[in-house]
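Survey of secondary and tertiary structure
One letter stands for each residue in the lines below.
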Amino acid sequence: MARRIDVTGADGVRLAAWEFGDPPKTGSDPTERTSVLLLHGLMGRASHWAATARWLSARYRAVALDQRGHGRSDKPAQASFTRDAYVDDTEAALEQLGLGPAVLIGHAMGALTAWQLAAKRPDLVRGVIICDMRASALGAASQREWAQWFKAWPVPFATLADVRKWFGEDDPWVERPNPARGEFYAEVMAESPDGWRPVFDPGQMLRSRETWVYDAHWEELAQVRCPTLVVRGLDGELGRAEAQEMVRVLPRGRYAEVTDAGHLVHYDRPDAWRTAIEPFLESLQDT
């Protein structure tokens, strides 16, 4: 089961957090269990972590956050979508929910937020797991491609089956079919009077993305003092050479890879993902 807990983020934005597992027993001390905060990537939502959070909740206090502009969190038109805003939101969630020092598990943009917060507030972060996020700058061409990709979406989709088919099979920006990708995007659609549309504003997603794609993030990575695991899918966006360089730059970096996985490592290969990260989580129990 998952229960919703609202958090007040930076500049008053309301954020939806989801705690998995049974509620704590009356009188129990929530600090007795290590906390894990799960941060989705751009366009994602907390529910994308459901499979991971379920097994985590047997041993850890597992919370997933809908970040600003995503899922059921607020999407105010004038909200800030800077890196500082995302990092400050996560800091607020850890403090308001009494999670720190926590393990931060982030996918893509969520991973960048995780290591930036770990560099800023080492007292709040026990460990970090980086899932398929690059530290190098992606550049203007990448941002233009994303803008073109959003314009290519055939919205509104008539049915969820159409969503699954387009993102899983027909998307011209993807080299080969991936049914898990179709399911991933079906989770971020909501029914409207004229069909199915994303729960986020594509313009806000581009605004979020432009705050990191033009810059490299090696300096912040080097400031992360806690144990950090870099995980990549062999067919993902993070190449092996860059991943291994990230491990070298991290003061306490480790490396893992998942075969037969793309960018959505945790989503399309949940069992292999668990195998990759569970030993790292176990090792943090003694730190």
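Here's a quick rundown of the structure. (Residues numbered from 1 in each chain as written. Predicted model: local features only at pLDDT ≥ 70, side-chain atom pairs only at ≥ 80, totals over all residues. Heavy atoms only, no water.)

Quick look at the layout of surface pockets now. If you add up the space inside the largest pocket, you get close to 1200 Å³. Mapped by element, the contributors of at least two residues to the lining of the largest pocket are helix 4 (140-152) and helix 6 (179-186). Examining the composition of the lining of the largest pocket, we find that four residues originate from one element, helix 4, more than from any other. Of the residues in the lining of the largest pocket, the class split is 16 nonpolar, eight polar and 13 charged. (1 Å grid on protein atoms, 1.4 Å probe; cavity = no way out; pocket = protein on both sides within 12 Å on 5 of 7 lines; lining within 4 Å. Points joined across faces, edges and corners; volume = space filled by probe spheres on them. Helix = DSSP H or I, 4+ residues; strand = E, 2+ residues; numbered from the N terminus. Nonpolar A, V, L, I, M, F, W, Y, C, P; charged D, E, K, R; others polar.)

Summed over the entire model, instances satisfying the criterion amount to 23 salt bridges. Close ionic contact of R121 with E95 constitutes a salt bridge, the shortest N to O distance being 3.0 Å. One end of the pair, R121, is in the loop between helix 3 (109-120) and strand 6 (125-131); the other, E95, is in helix 2 (residues 83-96), and 26 residues separate them in sequence. You can call E95 partly exposed: its relative accessible area is 45%. Between D171 and R181 there is a salt bridge, with its nearest N and O atoms 3.0 Å apart. Taken together, the residues D171 in the loop between helix 5 (160-170) and helix 6 and R181 in helix 6 connect sequence positions 10 residues apart. (Salt bridge = Lys/Arg side-chain N within 4 Å of Asp/Glu carboxyl O. Buried < 20%, exposed > 50% of the residue type's maximum accessible area, 1.4 Å probe, protein only.)

Before going further, it helps to examine the environment of P251. On the secondary structure map, P251 appears in the loop between helix 9 (240-249) and strand 10 (253-258). The sequence separation of P251 and P154 amounts to 97 residues, and the corresponding C-alpha distance is 45 Å. Contacts of P251, omitting those with residues within four sequence positions, involve L221, A222, V224 and R225. (Contact = heavy atoms within 4.5 Å.)

Examined bridge by bridge, strand 7 (residues 189-192) and strand 8 (residues 195-198) share four bridges and lie antiparallel to one another. Residue pairing across strands places A190 opposite R197, the latter belonging to strand 8. Linking strand 7 back to strand 8 in an antiparallel pair, the connection comprises two residues. (Pairing = 2+ DSSP bridges.)

A separate point is the sheet that holds strand 2 (residues 14-20). The strand order across the open sheet built from eight strands is 1-2-4-3-5-6-9-10, with neighbouring strands paired in mixed fashion. Here the strands that pair on one side only, and so sit at the sheet edges, are strand 1 (2-8) and strand 10. Along the sheet, successive strands turn relative to each other by an average axial angle of 20 degrees, direction set aside. Relative to the sheet, helix 9 contacts strand 6, strand 9 (228-233) and strand 10, its axis offset from that of strand 10 by approximately 155 degrees. (Axes fitted to C-alpha atoms, helices over the stretch in contact; angles between N-to-C directions.)

So, about the packing of helix 4 against helix 7 (residues 202-209). Relative placement of two packed helices is described by the angle separating their axes and the distance separating the axes. Relative orientation of the contacting elements helix 4 and helix 7 amounts to 170 degrees, with a least axis distance of 11 Å. One way to sum up the angle between helix 4 and helix 7 is to call them roughly antiparallel. Residues S142, Q143, W146, A147 and F150 of helix 4 pack against P202, M205, L206 and R209 of helix 7. Residues of the contact of helix 4 with helix 7, tallied by class, amount to six nonpolar, two polar and one charged. (Parallel < 35°, antiparallel > 145°, perpendicular 65-115°, else oblique.)

Okay, the side chain of H266 next. Position of H266 relative to the elements: it lies in helix 10 (residues 265-268). Classification of H266 as buried rests on a relative accessible area of 4%. Here H266 is in contact with H48, W49, T52, H107, C131 and W273, once residues within four sequence places are set aside.

Time to look at helix 11 (residues 270-283). Here helix 11 is 14 residues long and its end C-alpha atoms lie 20 Å apart, about the 20 Å a rise of 1.5 Å per residue gives. Bending of helix 11 peaks at approximately 35 degrees at the position of I277, with proline P279 no more than four residues after it. Inspection of helix 11 places W273, A276, I277, F280 and L281 among the buried residues, and these make up the whole buried set. Lining the buried residues of helix 11 we find helix 1 (50-56), strand 5 (102-107), strand 6, strand 9, strand 10 and helix 10. (Expected span 1.5 Å × (residues − 1). Bend = angle between axes of the 7 residues up to and from the residue.)

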